[in-house]
Amino acid sequence: MFDIDKYIVKAGKLEYLQSLSLTVKILAGVVLLSAALSALSLTGAGFDYGPEAFVHAFNYSSIIAVCAADITSLLTIGYYNADRNRSAAVLSVSFLITAVLYGMQLFMMNSFFVSSREKSFFISLSASVLNLFPPLLILAGCNLLPENTDQDRAEEKRNIFSAVSLISLAVATLFMYMLSMNDMLTVAILRTEAVSILWRLLTPCVNAAAATTLLLKKPARDGDYFRLLTLVVLVPLFFASLTLLSAPYIEGSNRYIYESLLRSLAYLIPLAGILYEFSLHQKERKASEELLTALEQTLAEKTAERINRVSELESEVACLSASLEFYRAAADKSGSGVYVVTDGELKYVNSVFERITGYTSEQLVGTRLAEIVSPKDRASLEEWLVSAAAGGENSGVEIRLVNRAGDIVWMENKCQLIDYEGEPSVLVSLNDITDKKRTADMLKTLTNSSPGGIYICREGALQLVNRALCSITGYGSDELAGRQYDSIILSRDRDEAVRNCGQMLDKTRVSPYEYRIRTKGGEIRWLTETVARISY
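Residues numbered from 1 in each chain as written. Predicted model: local features only at pLDDT ≥ 70, side-chain atom pairs only at ≥ 80, totals over all residues. Heavy atoms only, no water.

## Here we look at the overall build of the chain
Under the convention used in this document: Runs of H or I in DSSP of at least four residues are treated as helices and runs of E of at least two as strands, each being numbered from the N terminus. Exposed residues in this analysis have more than 50% of their type's maximum accessible area, buried residues have under 20%, and partly exposed residues fall in between, with area computed by a 1.4 Å probe over protein chains only. Contact criterion: two residues are considered in contact whenever any of their non-hydrogen atoms come within 4.5 Å of each other. Surface accessibility follows the Shrake-Rupley procedure with a 1.4 Å probe radius. Residue values consider only the protein chains on display as shielding.
In terms of helices and strands, the chain carries 17 helices and nine strands. Going through the 536 residues of the chain one by one, you find that 39% of them count as buried. Considering only contacts in the chain between residues 6 or more positions apart, those separated by 24 or more positions represent 61%. Summed over its atoms, the accessible surface of the chain is roughly 29700 Å², and 59% of this surface lies on carbon and sulfur atoms.

## Examining the packing of aromatic side chains
Rules: Any two rings among Phe, Tyr and Trp, with Trp reduced to its six-membered ring, count as a pair given centres within 6.5 Å; such a pair is stacked if its planes are under 30 degrees apart, edge-to-face if over 60, and tilted if neither. Charge-over-ring placement is defined geometrically: NZ (Lys) or CZ (Arg) within 6 Å of the ring centre, and within 35 degrees of the ring normal.
If you walk through the whole model with that rule in mind, you get eight aromatic pairs. With a centroid separation of 6.1 Å and 45° between ring planes, the pair formed by Y102 and Y267 is classed as tilted. Linking Y102 in helix α3 (residues 86–112) with Y267 in helix α10 (residues 255–333), this pair joins segments that are 165 residues apart in sequence. A single burial state applies to Y102 and to Y267, both of which are buried. Centroid distance F112 to Y177: 6.3 Å. Interplanar angle 80°. Geometry classified as edge-to-face. One end of the pair, F112, is in helix α3; the other, Y177, is in helix α6 (residues 151–180), with 65 residues separating them in the sequence. For F112, a relative accessible area of 34% gives the class partly exposed. Just above the ring of Y475 sits the side chain of R483; from NZ or CZ to the centre is 4.7 Å.

## A word on helix α13 (residues 378–389)
Two residues of an α-helix separated by three or four positions point the same way, owing to the 3.6 residues in each turn. What counts is decided by this rule: Here the expected length of a helix is defined as 1.5 Å per residue gap, with one fewer gap than residues. Think of the arc as the fan of directions from the helix axis to the C-beta atoms.
The terminal C-alpha atoms of α13 lie 16 Å apart, and with twelve residues this matches the ideal 16 Å at 1.5 Å per residue to within 8%. Among all positions of α13, only L381, W384, L385 and A388 are buried. Within α13, the buried residues cover an arc of 95° as seen down the axis, which keeps them to one side. For α13, exposure combined with an orientation more than 90 degrees from the buried face picks out A379, E383 and V386. Where α13 is buried, its residues contact β1 (337–342), β3 (397–402), β4 (408–420) and β5 (423–432). Once α13 finishes, G391 follows within two positions and takes phi at roughly 80°, a positive value.

## Side note on the packing of α3 against helix α4 (residues 116–131)
Two numbers describe a pair of packed helices, the interaxial angle and the distance between the axes. Stated formally: Lines fitted to the C-alpha atoms define the axes, with helices restricted to the stretch that makes contact. Angles between their N-to-C directions range from 0 to 180 degrees. When an angle is under 35 degrees it counts as roughly parallel; over 145 it counts as roughly antiparallel; between 65 and 115 it counts as roughly perpendicular; any other value is oblique. It is the rotation of the near helix from the far one that decides the hand of a crossing: anticlockwise by less than a right angle makes it left-handed, clockwise makes it right-handed.
At a closest axis distance of 10 Å, the pairing of α3 and α4 adopts a crossing angle of 165°. Taken together, α3 and α4 sit at an angle that is classed as roughly antiparallel. For α3 against α4, the interelement crossing comes out right-handed. Note on element contacts: α4 touches α3 through K119, F122, I123, S126, A127 and L130, opposite L101, Y102, Q105, M108, M109 and N110.

## Considerations on unusual backbone geometry
Positive phi values are uncommon outside glycine, yet E459 reaches one of about 55°. With phi around 65°, K507 is a residue other than glycine that occupies positive phi space. Examined against the element boundaries, K507 turns out to sit in the loop between α17 (491–505) and β8 (513–518).

## Quick notes on the environment of V55
Looking at where V55 falls in the secondary structure, it is placed in helix α2 (residues 51–83). Spatially, the C-alpha atom of V55 lies 8.8 Å from that of R117, the residues being 62 residues apart in sequence. What V55 contacts, discounting residues up to four positions off in sequence, is M109, S116, K119 and S120.

## Examining the nonpolar core
Filter applied, for reference: By nonpolar core we mean a set of buried residues, namely Ala, Val, Leu, Ile, Met, Phe, Trp, Tyr and Cys, connected to one another through side-chain atoms within 4.5 Å.
Core analysis: the largest hydrophobic core is formed by 60 residues, its most contacted members being L101, I138 and Y267. Where this core is concerned, the elements lending two or more residues are α2, α3, α4, α5 (135–144), α6, α8 (193–216), α9 (225–245) and α10. A total of twelve residues in this core trace back to one element, the largest contributor, which is α3. With near-sequence residues (within four places) excluded, I138 lies in contact with V90, L91, S94, A210, L214, T230 and L234. Formed by 24 residues, the second largest nonpolar core is a distinct cluster that contains V397, I399, L401 and V426.

## Brief notes about the layout of surface pockets
Definition in use: Site definitions follow a grid-based scheme: protein atoms alone, a 1 Å grid, a 1.4 Å probe that fits but cannot get out for cavities, and for pockets an open set with protein on both sides within 12 Å along at least five of seven lines, plus lining residues having an atom within 4 Å of a point. Grid points are joined across faces, edges and corners, and a volume is the space filled by probe spheres set on the points.
Size it by volume and the largest pocket reaches roughly 920 Å³. Every residue lining the largest pocket is counted, 31 residues in all, and those nearest its centre are Y455, C457, C501, E529 and V531. Listing elements by their share of the lining of the largest pocket, those giving two or more residues are β6 (455–458), α15 (467–473), α17, β8 and β9 (524–529). Among the elements that line the lining of the largest pocket, the one with the most residues is α17, at five residues.

## Description of the sheet that holds β1
Rules: Two strands make a pair as long as DSSP finds a minimum of two bridges between them.
Spatial ordering of the open sheet is given by β2-β1-β5-β4-β3, a layout of five strands whose pairing is antiparallel. In the strand order of this sheet, the two ends are held by β2 (345–349) and β3, each with one partner. Each adjacent strand pair in this sheet contributes to an overall mean axis angle of 40°, direction not counted. Direction of pairing for β1 relative to β5: antiparallel, over a ladder of five bridges. Residue V338 lies in a different strand from β5, and its bridge partner there is S429. Packed on one face of the sheet, α13 meets β1, β3, β4 and β5 and runs near 20° to β4.

## Quick look at α4
Which entries qualify depends on this criterion: Two axes enter the definition of the bend at a residue: one is fitted to the seven residues ending there, the other to the seven starting there, and the bend is the angle between them.
For α4, which comprises 16 residues, the first-to-last C-alpha distance of 22 Å matches the rise-based estimate of 22 Å (1.5 Å per residue) to within 8%. The largest bend along α4 measures about 35° and falls at L125. Across the 16 residues that make up α4, a large majority, 13, are buried.

## Details of the pairing of β1
Of all six residues in β1, six are buried, a share of seventy percent or more. Here β1 shows two buried faces, one formed by G337, Y339 and V341 and the other by V338, V340 and T342. Summarising the sheet, β1 and β2 pair through four bridges and their orientation is antiparallel. Among the inter-strand pairings, Y339 is bridged to a residue of β2, identified as V349. Hairpin connection, β1 to β2: the antiparallel pair is bridged by two residues, and D343 has positive phi, about 50°.

Now the structure itself:
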């Protein structure tokens, strides 16, 4: 049977594995590209600009970075509104704040400074501040925006994160304004060797802390795709911080061009991730539509099969009903009594059974069979019916029924396990053996009153012995019942006795014959015997 839930789970896992595989490939590519740009920066290759050309190049590269940050921020805000993903919220706020700061840097550089040399100097001092964003805000967001919280607590945490972001923006703006005003104290502090090194070390440390936090914090959902993208974003930002770490505060350093390119690469990564996930969703939608079409077709086929099967079942029921009527008619015409019992309750009786018991079918159906059985036989009947219902060996049973007149009727019962009206039941056929029982009792009475020994054998086994024979052999009737009679004949007379017996049964011998037996006490006795065939 087709399991849609299992298919959806497998499809979801497959989508996540595809996303993870692509993310790993993107991560490897970003690492290689970032390392290459950083290596070019360290070797000073590619850009050999003077102060004026450097400022123009920096303007263009910063505008590209601002546009990339703004576009990606807007898309991630939309993604957050649709999916309520924490990583998307952190990236959108971080990129938006960073874009504002880059805009501030360009505005202050072009508004407060005239010469290219002064602009280059301002770039070198403010670049470390700007490069601190967005990893600082990513670190703050990962710690301030928890997953799996109630709505009120989540709203409170978002407000705190927004406040922290705005405060960070204000502090960074004030710092760049002080630099643009040529605040001598700020410039002097930044140009101190120890402060310069510590300041440039801060950004890569924040990057590393943000990455560590993302790796250690367990995501609320398996397969948080944007969490993986955030880790990838931190790679070019980390290499950008390493580029600035190697750049001394000198005017016109071309390393800032590489740093700006690395930032632009970082801001474009979520954009590429969103576009890729959009393509996956389109594929998933197409696959879902195909699955829905296949399911509709399968449902139509299964429905047609069920309709056909229902028609077949209706035909079978009609046939079974006709068969049931036939069997009932056959049972009514049968010379044997027939009844069906389910869990000890009579479900059907034929006309012969009605005649035997003296009750009508309306009086019998629905009653307990045990009600018309002699109390002496109820236990054995119950045991026999239970064994038959369980599919056990059925050798038949003789029970006494009490008919409507109160007379005892001996019945020989044989049964078969059937399904009657949808329930497991026992079909029983029975014959009246009352006359047979009376004849057997009469024969037993007659044999016991005879002074001579009398026995009845079937296939050599004793079936009936009278008291005289028990007295002659010394054995009790229970000891002789079922025993081979020739076992008590002396071995030297046994073959001749068997031969004489056969001749008399074949009517080739008419005179009695003699043989010796060994009694139970070990005494040897001579017996004279005549035999004849009877029906017993």
